[in-house]
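Coordinates in review
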Amino acid sequence: MTESIFKHSSKTAFTLIAFAFVFTALLAYVFNITKAPIEKSEAEARKALFRQIVPESMHNNDLLKDSISIAPNELLGNKEPIVANRARIDNAPAAVILEAVAPDGYKGNIKLLIAIKFDGSIAGVRVLAHTETPGLGDYIEIAKSNWIKLFDGESLQKTDDRGWAVKKDGGQFDYMAGATITPRAIVKAVHKTLQYYAANKEALFK
Amino acid sequence: MNQYKEIAVNGLWKQNTGVVQLLGLCPTLAVSTSIVNGASLGLATAVVMAFANGAVSPVRKLVPAEIRVAVFILVIASLVTVIDLTIHGFAEPLHKALGIFIPLIVVNCIVLARVESFAAKNTPVPSMFDGFMMGLGLTSVLAILGGIRELVGKGTLLSGIDLALGPQAKGLVMHVIPDYHGFLLAILPPGAFIGLGCLIAARNWAEQRKTNVTPSASGSLKPAH
């Protein structure tokens, strides 16, 4: 009895192992042949995103390669280290692309990509990921409206601290009726990112 | 040949996963916000189902009954990962749009259901065909539901086709209703439930009419889509 149980279970187990082996091998093979295309298409997607906010005329270096890691920082709102990409013209600093998190969106975090020119003005802002209400709060996406372009050219010098708020709160940024929390969170995050830039400008381009 | 015809009719109409068996509703409801999203996920599921059935059928006699579910899940999970990696590598924007729902094909019960109820009892070629036809049935429901929601919600058809076919396909997007302000309900989850309900009702109505007019016509059923 005991022996037959042993025999039966080892046979069953070996069948399972055989299947696991064959399909793990298949996965390893596919992983290997798709690795390069995946890396390439991810880099392409990232480059295309960068091109939207830092046009090619603004730099002549490889943005993806020229990067530094930034430790979690309260002003950027990141909990994990993030990568900042730097744009240069003939090695002179031109702009930096930072990722920032607005933690107080209507439904959680809004991830932003913010490009700041060397002089401290904004080259462009894009929303990387958000979970705002479709149709109400999603006008922050470039695909839905041009709202996010309001930030182009803004800076701490151009707009004082009181101005960095939506119009409802006495600031200068327009918003769409029905969703105030979303733009409020983004304005705040962009403002804080500019403050971060002002305080760390030298270190960012090192 | 007759067997294949029956399999096709079953998958596309009689046993349609989306509106008759009502299996795998999670992706049906969540991804059917546009034709492109719905059809892409449907096709990915169809490919997984065809290969899962095709992989299980030849070895069905080698797998002891006790571990068959474990083996089936192993096969399905591997195939889904293969599809996931392939889409990620060659259609990055589509991968972004479908997101978590590609890996979730693993737990779509319709895949396991066909492996268990068809592939485990039939030869490889009919099994593959069955998996693919069941998947196509789901694809048609996802595409129609996606089309309805997209049209009512955004006034467009085929929006986002460039995600699947590249930027040169952008011209295919149809703005059926110009200057449409959008009807949010259709895009949000309730729209999916209402739309699916309407599709089920329409199918039942069509079926009922057929049986009322010609009670013996079931052999000549033609897929409606």
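See the structure shown above.
Everything quoted here is computed from the prediction, not taken from an experiment.

**Description of the pairing of strand 4 (residues 108–117) of chain A**
All names here are of chain A. Bridging between strand 3 (residues 92–105) and strand 4 involves nine bridges; their strand directions are antiparallel. Looking at the pairing, valine 101 lines up with lysine 111 of strand 4. Linking two consecutive strands that pair antiparallel, namely strand 3 and strand 4, is a turn of two residues. The sheet contact formed by strand 4 and strand 5 (residues 122–129) spans six bridges and is antiparallel. Bridge pairing in strand 5 places isoleucine 114 opposite valine 125. Hairpin connection of strand 4 to strand 5: four residues between the antiparallel strands, including glycine 120 at a positive phi of 95 degrees.

**Observations concerning unusual backbone geometry**
Within the chain, A:Asp90 stands out as a residue other than glycine whose phi angle is a positive 45 degrees. If you trace the backbone, A:Asp90 turns up in the loop between strand 2 (82–89) and strand 3. A positive phi angle is found at B:Leu22, which is not glycine, with a value near 55 degrees. Mapped onto the fold, B:Leu22 is located in the loop between helix 2 (17–21) and helix 3 (25–31). Residue class for B:Leu22 comes out partly exposed when judged on its relative accessible area of 36%.

**Looking at the pattern of salt bridges**
All names here are of chain A. Evaluation of the coordinates by the stated rule reveals twelve salt bridges over all chains. A salt bridge links lysine 65 to aspartate 62, with the shortest nitrogen-to-oxygen separation between them at 3.6 Å. Residue aspartate 62 is classed as partly exposed on the basis of its relative accessible area of 35%. A salt bridge links aspartate 174 to lysine 167; the shortest N-O distance between them is 3.5 Å. Its relative accessible area of 39% is what places aspartate 174 among the partly exposed residues. Since its relative accessible area comes to 46%, lysine 167 is described here as partly exposed. Shared partners join several salt bridges into a network, and the residues in it are Asp66, Arg86 and Arg88.

**A few points about the interface of chain B and chain A**
Each partner contributes residues to the interface: chain B has 22 residues there, and chain A has 20 residues. In this assembly, chain B and chain A are joined by zero salt bridges. Connecting chain B to chain A are three residue pairs in polar contact (both at pLDDT 80 or more). By residue class, the composition of the side of chain B that touches chain A is 15 nonpolar, five polar and two charged.

**Points about the environment of B:Val36**
Position of B:Val36 relative to the elements: it lies in helix 4 (residues 35–56). Note: C-alpha distance between B:Val36 and B:Leu94 (58 residues apart in sequence) is 9.2 Å.

**Here's the deal with the packing of helix 4 of chain B against helix 8 (residues 124–154) of chain B**
All names here are of chain B. Put simply, helix 4 and helix 8 touch, their axes get as near as 7 Å, and they point 170 degrees apart. Viewed along their axes, helix 4 and helix 8 adopt a mutual orientation that is roughly antiparallel. Split into classes, the residues belonging to the contact of helix 4 with helix 8 amount to 15 nonpolar, eleven polar and two charged.

**Things to note about the side chain of A:Arg86**
Residue and element names in this part refer to chain A. Position of arginine 86 among the secondary structure elements: in strand 2. Take arginine 86: its relative accessible area is 5%, and that puts it in the buried class. Among the polar contacts made by the side chain of arginine 86, one reaches the main-chain carbonyl oxygen of leucine 204 at a distance of 3.1 Å. The residues touching arginine 86, leaving out its near neighbours within four places in the chain, are Asn61, Leu63, Asp66, Ser67, Ile68, Ala95, Val96, Leu204, Phe205 and Lys206.

**Thoughts on the packing of helix 4 of chain B against helix 7 (residues 109–119) of chain B**
All names here are of chain B. Running from N to C, helix 4 and helix 7 cross one another at 35 degrees; their axes reach a closest spacing of 10 Å. In this structure, the crossing between helix 4 and helix 7 has a hand that is right-handed. The residues of helix 7 that touch helix 4, namely those facing Thr45, Val48, Met49, Ala52, Asn53 and Val56, are Ile110, Val111, Arg114, Val115 and Ala119. Across the contact of helix 4 with helix 7, the residue classes break down as eight nonpolar, two polar and one charged.

**Concerning the sheet that holds strand 1 (residues 67–70) of chain A**
Strands pair in a sheet through their backbones, by hydrogen bonds, and they do so in one of two ways: parallel or antiparallel. Residues and elements named next belong to chain A. Read from one edge of the open sheet, five strands run 1-2-3-4-5, paired in antiparallel fashion. In this open sheet, the two edge strands, each paired with only one partner strand, are strand 1 and strand 5. Averaged over all neighbouring strand pairs, the angle between strand axes comes to 25 degrees, with direction disregarded. Running over the sheet, helix 1 (residues 2–53) touches strand 2, strand 3, strand 4 and strand 5 and is turned about 140 degrees from strand 5. Contacts from helix 2 (residues 181–204) reach strand 1, strand 2, strand 3, strand 4 and strand 5, with the element oriented near 145 degrees to strand 3.

Analysis parameters
- Residues numbered from 1 in each chain as written.
- Chains lettered and ligands numbered in written order.
- Predicted model: local features only at pLDDT ≥ 70, side-chain atom pairs only at ≥ 80, totals over all residues.
- Heavy atoms only, no water.
- Pairing = 2+ DSSP bridges.
- Helix = DSSP H or I, 4+ residues; strand = E, 2+ residues; numbered from the N terminus.
- Buried < 20%, exposed > 50% of the residue type's maximum accessible area, 1.4 Å probe, protein only.
- Salt bridge = Lys/Arg side-chain N within 4 Å of Asp/Glu carboxyl O.
- Contact = heavy atoms within 4.5 Å.
- Polar contact = N/O pair within 3.5 Å; in protein donor to acceptor, adjacent residues only side chain to side chain.
- Nonpolar A, V, L, I, M, F, W, Y, C, P; charged D, E, K, R; others polar.
- Axes fitted to C-alpha atoms, helices over the stretch in contact; angles between N-to-C directions.
- Parallel < 35°, antiparallel > 145°, perpendicular 65-115°, else oblique.
- Left-handed = near helix turned anticlockwise from the far one by under 90°.

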